[in-house]
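Analysis of the macromolecular model
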Amino acid sequence: MLPNEKQCSAIHELWDELADFPASEADAALMYLMRRLGYWLRAENLCWVGAARIGQGAAANRDALCGWRALKVVHWQVTPELLEASRKAAEMQEDSDPGMSTVALAQQAGTWRVHRLRDGWIDFKAFQRTAHYATIYYERGICDRLFAGIPVNADSEAFLLADRFEASAPFSREDAAVLAYTLRGLKWFHRELLLFHGILMAEKPLSPTERRIVRLLLTERSEREIAETLKQSPATTHKYITGLLRKYNVRGRTGLMARWLSRRG
């Protein structure tokens, strides 16, 4: 199923708008994307997840999530309750109940997928009886969720989740089609987000300070100007920059920009 002509036109306009955001404004672009999707889908909240395969071989085969872990979560609407639920969900990745939906998404790694919570891809009635459902869905009042999985490379994926809460109607097939069509043309965008957060090559996510420095490195500011902006000593900033270039496996800022440019398109 494809969106109607009017919806497709609006989605194409969104693609162009996202392409106009500079690389240094990746998080702002993500917020813009989620705000537009929230309006189109009548979703009360959305979140973006950057995930990487951190386990391989026999260890991954024994793992419920096949070695995959969510390394970065970015919410559109942030509340203390939401952050606590995210913390619990992260803990559940490592215990005996990571969630039937999470397991199913991990097992489908490498494939483009969009699911509704109740469209038959998991046993929803069995899922309702789990501790994961009680903690992540029931206690927060989530009545339905859309899941989108976007493969970026063999060891990195991005996910977008959209939620509706109590008294809301479930998501329709048309809603799923809008989400699928919107995200299908944005693989380059998710590459940039994974790069921005240091996840693309399954590296440990960047710290908030490192992300601020990467954002500034992608502008025309000099190293001294970056230090002044962050209120750091030049020596501290240089140490951070040296470490970041090593993480991205490049020799200088030109190489860092080339890393971004090579991931577009």
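Please refer to the structure higher up on the page.
Since this is a predicted model, take the numbers as computed values, not measurements.

Tracing the backbone through its elements, the reader meets Arg35 in helix 2 (residues 26-41). The class of Arg35 is partly exposed, set by a relative accessible area of 43%. With 212 residues separating them along the chain, Arg35 and Lys247 place their C-alpha atoms 31 Å apart.

Looking now at the sheet that holds strand 5 (residues 156-165). Here we have 5 strands laid out as an open sheet, ordered 2-1-5-4-3, and antiparallel in their pairing. Two strands close off the open sheet at either side, each with one partner strand: strand 2 (68-75) and strand 3 (113-116). Each adjacent strand pair in this sheet contributes to an overall mean axis angle of 20°, direction not counted. Sheet topology note: the strand 4 (residues 142-153)/strand 5 ladder contains 10 bridges and is antiparallel. For Asp144, the partnering residue across the bridge sits in strand 5 and is Arg164.

The next subject is the packing of helix 2 against helix 9 (residues 187-196). Closest axis-to-axis distance for the helix 2/helix 9 pair is 10 Å, and the angle between their directions is 135°. Taken together, the axes of helix 2 and helix 9 lie oblique to each other. Between helix 2 and helix 9 the crossing geometry is left-handed. Contacts from Ala26, Asp27, Ala29, Leu30 and Leu33 of helix 2 reach helix 9 at Phe189, Leu193 and Phe196. In the contact of helix 2 with helix 9, the residues fall into 7 nonpolar, no polar and 1 charged.

The subject of this paragraph is the side chain of Asp175. Inspection of the secondary structure puts Asp175 in helix 8 (residues 173-184). With a relative accessible area of 6%, Asp175 lands in the buried category. Setting aside chain neighbours within four positions, we find Asp175 in contact with Leu41, Arg42, Leu146 and Arg164.

One non-glycine residue, Lys231, lies in positive phi territory at about 55°. Examined against the element boundaries, Lys231 turns out to sit in the loop between helix 11 (223-230) and helix 12 (234-247). Take Lys231: its relative accessible area is 76%, and that puts it in the exposed class. For Asn249, which is not glycine, the phi torsion reads 60° and is therefore positive. Position of Asn249 relative to the elements: it lies in the loop between helix 12 and helix 13 (253-263). Classification of Asn249 as exposed rests on a relative accessible area of 63%.

Turning to the packing of aromatic side chains, a few remarks are in order. Enumeration according to the criterion identifies 9 aromatic pairs in this entry. Pairing Tyr248 with Trp260 gives two aromatic rings, centres 5.7 Å apart and planes at 55°, and the pair type is tilted. Taken together, the residues span a long stretch of sequence, with Tyr248 in the loop between helix 12 and helix 13 and Trp260 in helix 13 at a distance of 12 residues. Judged on exposure class, the residue Tyr248 and its partner Trp260 are both buried. Each member of the aromatic cluster is reached from another via a ring pair, and the members are Phe124, Phe127, Tyr133 and Tyr137. The aromatic ring of Trp112 is capped on one face by Arg184, whose charged end is 4.9 Å from the ring centroid.

Before going further, it helps to spend a moment on the side chain of His190. Looking at where His190 falls in the secondary structure, it is placed in helix 9. In contact with His190, other than residues within four places in its own chain, are Trp48, Ile150, Val152, Ala158 and Leu183.

What the rule picks out here adds up to 10 salt bridges. Taking the shortest distance from any N to any O, the salt bridge between Arg118 and Asp144 comes out at 3.5 Å. With Arg118 in the loop between strand 3 and helix 6 (124-127) and Asp144 in strand 4, this residue pair connects regions lying 26 residues apart in the sequence. Look at Asp144 and you get buried, because its relative accessible area is 1%. Between Asp175 and Arg164 there is a salt bridge, with the nearest N and O atoms lying 3.2 Å from each other. Placement of the pair is Asp175 in helix 8 and Arg164 in strand 5, with a sequence separation of 11 residues. Each of Arg140, Arg145 and Asp163 takes part in salt bridges that share partners, so that together they form one network.

At their nearest, the axes of helix 11 and helix 12 sit 9 Å apart, and the two run at 110° to each other. One way to sum up the angle between helix 11 and helix 12 is to call them roughly perpendicular. Along the contact surface, helix 11 presents Glu223, Ile226 and Ala227, while helix 12 presents Pro234, Thr237, His238 and Ile241. Split by residue class, the contact of helix 11 with helix 12 holds 4 nonpolar, 2 polar and 1 charged.

Cut-off values and rules
Residues numbered from 1 in each chain as written. Predicted model: local features only at pLDDT ≥ 70, side-chain atom pairs only at ≥ 80, totals over all residues. Heavy atoms only, no water. Helix = DSSP H or I, 4+ residues; strand = E, 2+ residues; numbered from the N terminus. Buried < 20%, exposed > 50% of the residue type's maximum accessible area, 1.4 Å probe, protein only. Pairing = 2+ DSSP bridges. Axes fitted to C-alpha atoms, helices over the stretch in contact; angles between N-to-C directions. Parallel < 35°, antiparallel > 145°, perpendicular 65-115°, else oblique. Left-handed = near helix turned anticlockwise from the far one by under 90°. Contact = heavy atoms within 4.5 Å. Nonpolar A, V, L, I, M, F, W, Y, C, P; charged D, E, K, R; others polar. Phe/Tyr/Trp six-rings, centres within 6.5 Å; stacked < 30°, edge-to-face > 60°. Lys NZ or Arg CZ within 6 Å of the ring centre and 35° of its normal. Salt bridge = Lys/Arg side-chain N within 4 Å of Asp/Glu carboxyl O.

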